[in-house]
Amino acid sequence: MTENLLEQINNPTDLRQLDEAQLPQVAQELRDFIIDIVATKEGHLGASLGVVELTIALHYVFNTPEDLLIWDVGHQAYGHKILTGRRENFHTNRQLNGISGFPKRSESVYDAFGVGHSSTSISAALGMAIASNLKGNFEKQHIAVIGDASIASGMAFEGLNHAGVTDANLLVILNDNAIGIDPSVGALKNYLTAVKEGKNPRKNNMIKSLNFDYSGPIDGHDIFAVIKELKRLQKIKGPKFLHIITTKGKGLQQAEDNQVQYHAPGKFDANTGEIHAKSEENLPPKYQDVFGLTVLDLAKANEKIIGITPAMPSGSSLKFMMEAFPKRAFDVGIAEQHAVTLSAGMATQGMVVFCNIYSTFLQRAYDQVIHDVALQNLPVIFCLDRSGLVGEDGATHHGVFDLAYLRCIPNMIIYSPMNEIDLRNILYTAQLGLNHPIAIRYPRGRGTIVDWQKPYKKIEIGKANYRKEGTITAVLSNGTIGNNVVLALANLNNPDTIAHYDFAFVKPLDEVILHSIFNEFENIITIEDGVIKGGFGTSILEFASQNNYTNPIKTLGIPDEFIEQGSIEEQQQFCKIDVESLIVIFSN
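The following paragraphs examine the structure supplied in this document. Counting restarts for each chain: residues are numbered from 1 in the order of the written sequence. Where local features are concerned, this predicted model is filtered to residues with pLDDT of at least 70; where side-chain atom pairs are given and counted, the filter is 80 or more; whole-chain, interface and lining totals use all residues. Only hydrogens and water are set aside when side-chain values are computed; all heavy atoms of the structure are taken into account.

Moving on, we come to the packing of helix H6 (residues 121–134) against helix H7 (residues 154–163). Following both chains from N to C, one finds H6 and H7 inclined at 30°, their axes separated by 8 Å at the closest point. Comparing their axes, H7 and H6 come out roughly parallel. Touching Ile122, Ser123, Leu126 and Ile130 of H6 are Met155, Ala156, Gly159, Leu160, His162 and Ala163, all from H7. Note on residue categories: nonpolar means Ala, Val, Leu, Ile, Met, Phe, Trp, Tyr, Cys or Pro, charged means Asp, Glu, Lys or Arg, and polar means any other residue, Gly included. Along the lines of polarity and charge, the residues of the contact of H6 with H7 split into seven nonpolar, three polar and no charged. To get an axis, a line is fitted to the C-alpha atoms, and for a helix only the part in contact is used. The angle between two axes follows their N-to-C directions and goes from 0 to 180 degrees. Runs of H or I in DSSP of at least four residues are treated as helices and runs of E of at least two as strands, each being numbered from the N terminus. Here roughly perpendicular refers to angles of 65 to 115 degrees, roughly parallel to angles under 35, roughly antiparallel to angles over 145, and oblique to all remaining angles. Contact between two residues is taken to exist if any of their heavy atoms lie within 4.5 Å; hydrogens are not considered.

The salt bridge definition used is simple: a Lys or Arg side-chain nitrogen within 4 Å of an Asp or Glu carboxyl oxygen. All chains considered together, the criterion is met by 17 salt bridges. Arginine 86 is the partner of glutamate 107 in a salt bridge, and the nearest nitrogen-oxygen pair spans 2.8 Å. Of the two residues, glutamate 107 is situated in the loop between helix H5 (78–86) and H6 and arginine 86 in helix H5; the sequence distance between them amounts to 21 residues. Judged by its relative accessible area of 4%, arginine 86 falls in the buried class. Across the pair arginine 441 and aspartate 402 runs a salt bridge whose closest N-O atoms are separated by 2.9 Å. A residue pair is termed long-range when its members are at least 10 positions apart, and arginine 441 in strand E11 (residues 438–443) and aspartate 402 in helix H17 (residues 402–407) qualify at 39 residues. Each residue is assigned to one of three classes by its accessible area relative to the maximum for its type, calculated with a 1.4 Å probe on protein chains only: buried under 20%, partly exposed between the two thresholds, exposed over 50%.

Attention now goes to the packing of helix H20 (residues 511–520) against helix H21 (residues 536–546). As a packed pair, H20 and H21 sit with axes 11 Å apart at the nearest point and diverge in direction by 70°. With respect to H21, the element H20 is oriented roughly perpendicular. Each of Glu511, Leu514, His515 and Phe518 in H20 lies in contact with H21, whose residues at this interface are Ile540, Phe543 and Ala544. Within the contact of H20 with H21, the residues separate by chemical class into five nonpolar, one polar and one charged.

The next thing to look at is the nonpolar core. What we call a nonpolar core is a set of buried Ala, Val, Leu, Ile, Met, Phe, Trp, Tyr and Cys residues that are connected through their side-chain atoms within 4.5 Å. Judged by nonpolar contacts, the single largest core of 50 residues is most densely connected at Leu362, Phe382, Leu406, Leu476, Tyr501, Phe503 and Ile517. Ranked by residues supplied to this core, first place goes to helix H14 (residues 336–348) with five residues. Leave out the neighbours within four places in its chain, and tyrosine 501 touches Asn465, Tyr466, Arg467, Ala474, Val475, Leu476, Ser477, Ile513, Ile517 and Phe521. By size, the runner-up hydrophobic cluster in this structure holds 49 residues, among which are Tyr78, Ile82, Ile99 and Ile173.

On to a positive patch on the surface, then. Each patch is built from residues that are more than 30% exposed by relative accessible area and take part in no salt bridge. Like charges join if they lie within 9 Å; nonpolar side chains (Val, Leu, Ile, Met, Phe, Trp, Tyr) join within 5 Å. Here the Shrake-Rupley method, with its probe set to 1.4 Å, supplies the accessible areas, and only the displayed protein chains count as covering residues. The sign given to each residue is positive for Lys and Arg and negative for Asp and Glu; His and the chain ends receive no count. Charged groups are reduced to one reference atom each: NZ for lysine, CZ for arginine, CG for aspartic acid, CD for glutamic acid. A cluster of basic residues, Lys278, Lys286, Lys319 and Arg444, forms a positive patch at the surface. Note that arginine 444 resides in the loop between E11 and strand E12 (465–468). When its relative accessible area of 31% is taken as the criterion, arginine 444 is described as partly exposed.

Attention shifts here to the packing of aromatic side chains. When two rings of Phe, Tyr or Trp (its six-membered ring) have centres within 6.5 Å they constitute a pair, described as stacked for plane angles under 30 degrees, edge-to-face for angles over 60, and tilted for the intermediate range. A complete count under the given rule lists 17 aromatic pairs for this structure. Between the aromatic rings of tyrosine 428 and tyrosine 456, the centroid separation amounts to 4.9 Å while the plane-to-plane angle is 10°, which identifies the pairing as stacked. Here tyrosine 428 is found in helix H18 (residues 420–432), whereas its partner tyrosine 456 is found in the loop between E11 and E12, with 28 residues between them in sequence. A residue is classified by how much of its surface remains accessible, and tyrosine 428, at 22% relative accessible area, is partly exposed.

Let us now look at the environment of glycine 307. Tracing the chain through its elements places glycine 307 in strand E6 (residues 305–309). In this structure the C-alpha to C-alpha distance between glycine 307 and glycine 85, which are 222 residues apart in sequence, comes to 44 Å.

The next point concerns helix H8 (residues 187–196). In an α-helix, one turn spans 3.6 residues, which is why side chains three or four residues apart end up on the same side. When H8 is considered as a whole, its buried residues turn out to be Leu188, Tyr191, Leu192, Ala194 and Val195. The buried residues of H8 occupy an angular sector of 155° when the element is viewed end-on, so they sit on one face. On its buried side, H8 packs onto H7, strand E3 (170–176), strand E4 (213–219) and strand E5 (240–245). Phi turns positive, to about 70°, at glycine 198, one or two residues after H8. Note that the arc is computed from the directions linking the helix axis to the C-beta atoms.

Right, let's talk about the side chain of histidine 117 for a bit. Along the polypeptide, histidine 117 turns up in the loop between H5 and H6. Of the residues examined, histidine 117 reaches a relative accessible area of 14% and is grouped as buried. A polar contact of 2.8 Å, which involves the side chain of histidine 117, links it to the side chain of threonine 360. Within polar-contact distance, the side chain of histidine 117 engages the backbone oxygen of threonine 396 at 2.9 Å. Among all residues touching histidine 117, those that are not within four sequence positions of it are Val73, Thr360, Phe361, Gln363, Arg364, Thr396 and His397. Polar contact criterion, stated in full: a pair of N or O atoms within 3.5 Å, where within protein one must be able to donate a hydrogen and the other to accept it, and residues adjacent in sequence count only if both atoms are side-chain atoms.

Structurally, the position occupied by isoleucine 421 is in helix H18. Expressed as a C-alpha distance, the spacing of isoleucine 421 and tryptophan 452, which sit 31 residues apart in the sequence, is 5.5 Å. In this structure isoleucine 421 touches Ile449, Asp451, Trp452 and Lys454, once residues within four positions along its chain are discounted.

This next bit is on the pairing of strand E17 (residues 553–558). As paired elements, strand E16 (residues 523–531) and E17 share five bridges and run parallel to each other. Bridge pairing links valine 531 to isoleucine 558 in E17. When the strands point away from the viewer, a crossover counts as right-handed if the route from the first strand across the helix to the second turns clockwise. Crossover E16 to E17 through H21 is right-handed. DSSP-based pairing: two strands are paired if at least 2 bridges between them are found.

Our focus in this paragraph is the layout of surface pockets. Over the atoms rolls a probe the size of a water molecule, and in doing so it shows where empty space is left. Note on definitions: the grid is 1 Å and covers protein atoms alone; a cavity is a set of points where a 1.4 Å probe fits but cannot get out; a pocket is an open set with protein on both sides within 12 Å along at least five of seven lines; lining residues have an atom within 4 Å of a point. Grid points are joined across faces, edges and corners, and a volume is the space filled by probe spheres set on the points. Taken as a whole, the second largest pocket encloses approximately 390 Å³ of empty space. Every residue lining the second largest pocket is counted, 21 residues in all, and those nearest its centre are Gly114, Val115, Gly116, Ala395 and Thr396. Taken together, the residues of the lining of the second largest pocket break down into seven nonpolar, 10 polar and four charged.

When you tally the buried positions in H5, you get eight out of nine residues, the bulk of the element. Every buried residue of H5 is listed here: Tyr78, Gly79, His80, Lys81, Ile82, Leu83, Thr84 and Arg86. Where H5 is buried, its residues meet helix H1 (12–16), helix H2 (23–41), helix H3 (46–50), helix H4 (52–61) and strand E1 (68–71).

So, about the environment of threonine 55. Structurally, threonine 55 can be placed in helix H4. Here threonine 55 falls in the buried class, since its relative accessible area comes to 1%. Sequence separation between threonine 55 and glutamine 76 is 21 residues; the distance between their C-alpha atoms is 9.2 Å. A polar side-chain atom of threonine 55 sits 2.6 Å from the main-chain carbonyl oxygen of valine 51.

A word on empty space enclosed by the protein. Counted by the stated rule, this structure contains four cavities of 30 Å³ or more. The computed volume of the largest cavity comes to approximately 60 Å³. Along the walls of the largest cavity sit Ile151, Phe157, Leu160, Leu174, Leu188, Leu192, Met206, Ile207, Leu210 and Phe241, which together make up its complete lining. Of all the secondary structure elements, the ones that give two or more residues to the lining of the largest cavity are H7 and H8. Looking at the lining of the largest cavity, its residues break down into 10 nonpolar, no polar and no charged.

Structure representation (structure tokens):
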């Protein structure tokens, strides 16, 4: 029986003791290990399978961690984690108190830069390379591994543009597999395809024209070819660019054949690759599907409706409209800034634009929201998927800052539906025509109502809803976290001392009802699934201060720290906004 080599590798120094001829065996064992763990523990699969040979080659050739290796986004870094001392606890990946699903500086000296959002690697590696030069170290290597979807982002081009006029010891490796989470799009993708197919003359090489030493494209699964080229590039000074071709999901046939589904497939059979079927019969819908199906329905009746998403057509469910109306729905690639200003441009021409961006990714287009949309008071409809706590993706992906960072912007309407019917109705209301931009935020996962496709009703902007009567304490909730309030009060047999109000609108606030609340109730409790500092609760504190109310106000939400990976339930427990915590709070 052949000995298991992977079990003997606790760090890259161990890997470098092996003969080069043994590395294909390590690659097979590493693939099998990733498949076995992800099959039962879940996580990102296809991206890491695609870079197994590259991962081994990088740690075999370069002297990590002294040489600095940066993985863009980090979806593809599982092999890297396993080879750098985390094999034994890799089964805790993405779990509470386990290792992060992304590279993280505090976790390992081999994680040179924390990542989660895309297109940061080139800028970070260039910064490190320039710093090394300033310290007089001209031998240290700085490697950025970036995908063909990520390199199309503006920030990646900004990094390439600067690097090309430096003498920084920087190696950019383009992992070209023609897919991010969904298939890559745009003119750059077409250019890379032409390069791969040998149809682009070398004199037209756009990377070379930016003063990079360009090589490739080479087969990223030929470990010997990759090692040979890395050793050659190791001796060349200045900015270098290696183009490698890989297959996302390599080594698991289903993952190769269905790359979108196997990006993060959930639980599956490690031997056959078959995803364990979950019955979706009689389940409430996912909020993303409520958005996608509703916008499609509205677009059939309103020809001015446009859909825009930066690289998330499947995750946002804009794919429904893209399939039905391909000329009116756009995936613009990983380009949030462009998505927002493109929406603004369309809005100036009378289009009704639904710009769907995950809450955590809208952070990347903050200036565009302020300068290009709100300042000009353009009625762009921002649909912020994955708002609130998102679970296992952890601190890089929570959508907990949006209420705070949007609330301070003039002209902005902010609405958080409590359920699927509310989401459906605010989408309908927004396309009827608003005088201001609106941000509609809703969570990851499923709602609570199976029969949600009711006739449309127009929502009155700025109106709060009275959910339950009470006499002493008023609980003011924003968004779907209000369902935890309902469950907690039900567990307490709906005490007549506690009232519940749904403040879906954080801006404008329903000041009429707030005056009556402060005059009627002794105590106020606010709850949100956003940061406490600057969020919905803060808006209530500001109202009380401005109107000289002195009622005690307790604010519940996300504390002033980054919340690590775990299930949404565990994260809510940590923040004390889960049902059990609310029962305790309401009982006191």
